[in-house]
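One letter stands for each residue in the lines below.
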Amino acid sequence: MHPIFFEQPVYELIFGLACAVWTPLIPIAASDLPHQWLVTRTVKSPRRPGDRTMHRPDEPDYLTFAADLSDPALVAIYDELPLWSAPFGALLLRHVPLRRGATVLDLGCGTGFPLLELAQRLGAASTVYGVDPWAASLERAREKVAQWGVPNVVLLSGDAATLPLPDQHLDLIVSNLGVNNFADPEAVLRECRRVARPRATLALTTNLQGHMHEFYAVFAQILQELGDHEARERLAAHIAHRTTVARLSAQLAAAQFQVTRVVEEQMVWRFADGSALLRHAFIKLGFLDDWKAVLPPDARAKVFTALEAALNRVAAERGELSLSIPMAYIEATCKMTGSP
Ligand SMILES: C[S@@+](CC[C@H](N)C(=O)[O-])C[C@H]1O[C@@H](n2cnc3c(N)ncnc32)[C@H](O)[C@@H]1O
């Protein structure tokens with residue numbers, strides 16, 4: 001359980017009472033939210049020459065925007081989005097409904113994607129909340145909100161399974177690569193249903209079973225050759241844990257959502273060989289721990305050495321190592337009471 005909340009029952013009681021008198025049609029103010037959830041309530045841009053805090057009252061703020069390209073903070077932000085998140089977010093942004101004035105939530109917003117993008121595309125009449133329990137990522141998102149000056153973002157620190165928002169508050173809930181990372185996705189989806197307005201849209205992206213199947217085929221073959229059947233079973237379980245459109249649709253149905261649209265695509269991650277793959281920073285960050293967990297610690301060096309050599313042989317035969325990533329955009333609406 002995230003330490004930031006639930007340890008303050010008095011506070012929860014106060015907020016519960018506040019929610020009990022909530023009128024869903026009136027937008028919630030950031031100042032009404034539990035303060036321990038809020039990473040930022042008001043956005044202050046750093047003062048720098050030409051920035052929006054210095055514009056004249058009679059001119060649009062964006063006309064005075066001037067980027068200082070020697071500022072390391074700005075450069076860091078320019079170079080910020082993982083290539084893993086970007087194609088899924090682009091898929092979401094191609095299809096998600098954008099309605100002026102919408103009240104929106106990004107589940108698992110991490111360092112602010114697609115949260116900030118959505119907030120800017122929807123415009124200042126919209127409010128876009130982002131929730132994540134990962135404190136350091138929210139601090140980064142807060143810096144970006146300040147750097148870019150995006151006033152309609154509200155960052156919430158905590159678990160999406162227990163949101164500090166009133167019932168029927170949101171028009172749109174999105175999650176880019178979130179649902180496949182939540183410890184209890186069913187609880188998060190039930191909470192989404194509570195905070196969704198009756199005509200709200202839920203729009204999710206995820207990778208699917210079949211993810212990097214070329215890599216896993218080689219991994220399974222190595223374990224077969226080494227005679228490690230237990231590790232092979234653990235690898236099979238790891239492969240099977242990835243979701244399918246059917247599984248996600250069933251989870252959505254159980255939370256009283258009805259899938260209205262599915263868009264499936266595939267991208268390919270290309271590497272010169274297995275040595276490059278296994279040393280790639282994002283592979284090490286995002287995937288390697290799960291691959292290591294298939295093996296007992298004392299077997300890892302031997303198995304990974306054999307795996308790397310086998311991947312390199314595959315790459316030599318095929319000219320490169322191409323890994324398929326099946327992706328889905330899934331859109332759902334609230335089931336009406338009485339519908340099956
Ligand atoms: C793969 S990252 C995706 C981040 C971002 N949406 C992107 O596209 O780059 C998954 C995110 O879900 C967050 N997360 C995990 N469990 C969560 C939960 N119970 N509630 C909200 N966010 C959660 C993680 O901290 C992480 O930031």
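In this report, we go over the structure that sits alongside the text. (Residues numbered from 1 in each chain as written. Predicted model: local features only at pLDDT ≥ 70, side-chain atom pairs only at ≥ 80, totals over all residues.)

## Brief notes about the overall build of the protein
Here is step 1: If you tally the helices and strands in the protein, you get 13 helices and eight strands.
Here is step 2: Relative to its full complement of 340 residues, the protein shows a buried share of 30%.
Here is step 3: A separation of at least 24 residues holds for 79% of the contacts in the protein among residues at least 6 apart in sequence. (Helix = DSSP H or I, 4+ residues; strand = E, 2+ residues; numbered from the N terminus. Buried ≥ 20, exposed ≤ 12 C-beta atoms within 10 Å, placed from the backbone. Contact = placed C-beta atoms within 7 Å.)

## Here we look at the environment of L92
Here is step 1: Take L92: it is sitting in helix 3 (residues 85–95).
Here is step 2: A tally of 25 C-beta atoms within 10 Å means that L92 is categorised as buried.
Here is step 3: Considering only alpha carbons, one finds L92 and T206, 114 residues apart in sequence, at a separation of 10.0 Å.

## Description of the pairing of strand 2 (residues 103–107)
Here is step 1: Judged by how many residues are buried, strand 2 sits mostly within the fold: five of five residues are covered.
Here is step 2: The two faces of strand 2 match: T103, L105 and L107 on one face and V104 and D106 on the other face are all buried.
Here is step 3: With five bridges joining them, strand 2 and strand 3 (residues 127–132) adopt parallel strand pairing. Directly across from L105, in strand 3, lies its bridge partner Y129.
Here is step 4: Handedness of the crossover is the feature at issue here: the chain leaves strand 2, passes through helix 4 (residues 115–122), returns alongside strand 3, and the resulting connection is right-handed.
Here is step 5: Where strand 2 meets strand 5 (residues 170–176), three bridges bridge the pair, whose relative direction is parallel. Opposite D106, over in strand 5, you have V174 as the bridge partner. (Pairing = 2+ DSSP bridges. Right-handed = clockwise from strand over helix to strand, strands pointing away.)

## Observations concerning unusual backbone geometry
Here is step 1: A cis amide bond, omega 0°, links F113 with the succeeding residue P114.
Here is step 2: Mapping P114 onto the fold places it in the loop between strand 2 and helix 4.
Here is step 3: The residue L177 is not glycine, and still its phi comes out positive at about 60°.
Here is step 4: You can see L177 is positioned in the loop between strand 5 and helix 6 (185–195).

## Some remarks on the site of the ligand
Here is step 1: S85, G108, G110, W134 and A160 are the nearest of the 20 residues found near the ligand.
Here is step 2: Elements that contribute at least two residues to the shell around the ligand include exactly helix 3 and strand 3.
Here is step 3: Tallied by class, residues from the shell around the ligand come to ten nonpolar, eight polar and two charged. (Near = placed C-beta within 6 Å. Nonpolar A, V, L, I, M, F, W, Y, C, P; charged D, E, K, R; others polar.)

## Considering the nonpolar core
Here is step 1: Core analysis: the largest hydrophobic core is formed by 54 residues, its most contacted members being V104, L115, V153, I173 and L202.
Here is step 2: Of all hydrophobic cores here, the second largest spans 16 residues; its members include M212, A231, L277 and L311. (Core = buried A, V, L, I, M, F, W, Y, C linked by C-beta atoms within 7 Å.)

## Considerations on helix 13 (residues 300–318)
Here is step 1: For helix 13, with 19 residues, the first-to-last C-alpha span of 26 Å sits near the 27 Å given by 1.5 Å per residue.
Here is step 2: Packed against the buried residues of helix 13 are helix 7 (213–226), helix 10 (274–279) and strand 8 (321–334).
Here is step 3: Directly after helix 13, the chain includes G319, whose backbone phi takes a positive value near 90°. (Expected span 1.5 Å × (residues − 1).)

## Observations regarding the environment of Q251
Here is step 1: Mapped onto the fold, Q251 is located in helix 9 (residues 245–254).
Here is step 2: For Q251, a count of 17 C-beta atoms within 10 Å corresponds to the partly exposed category.
Here is step 3: Excluding its chain neighbours within four sequence positions, the residues that come into contact with Q251 are P185, E186 and L189.

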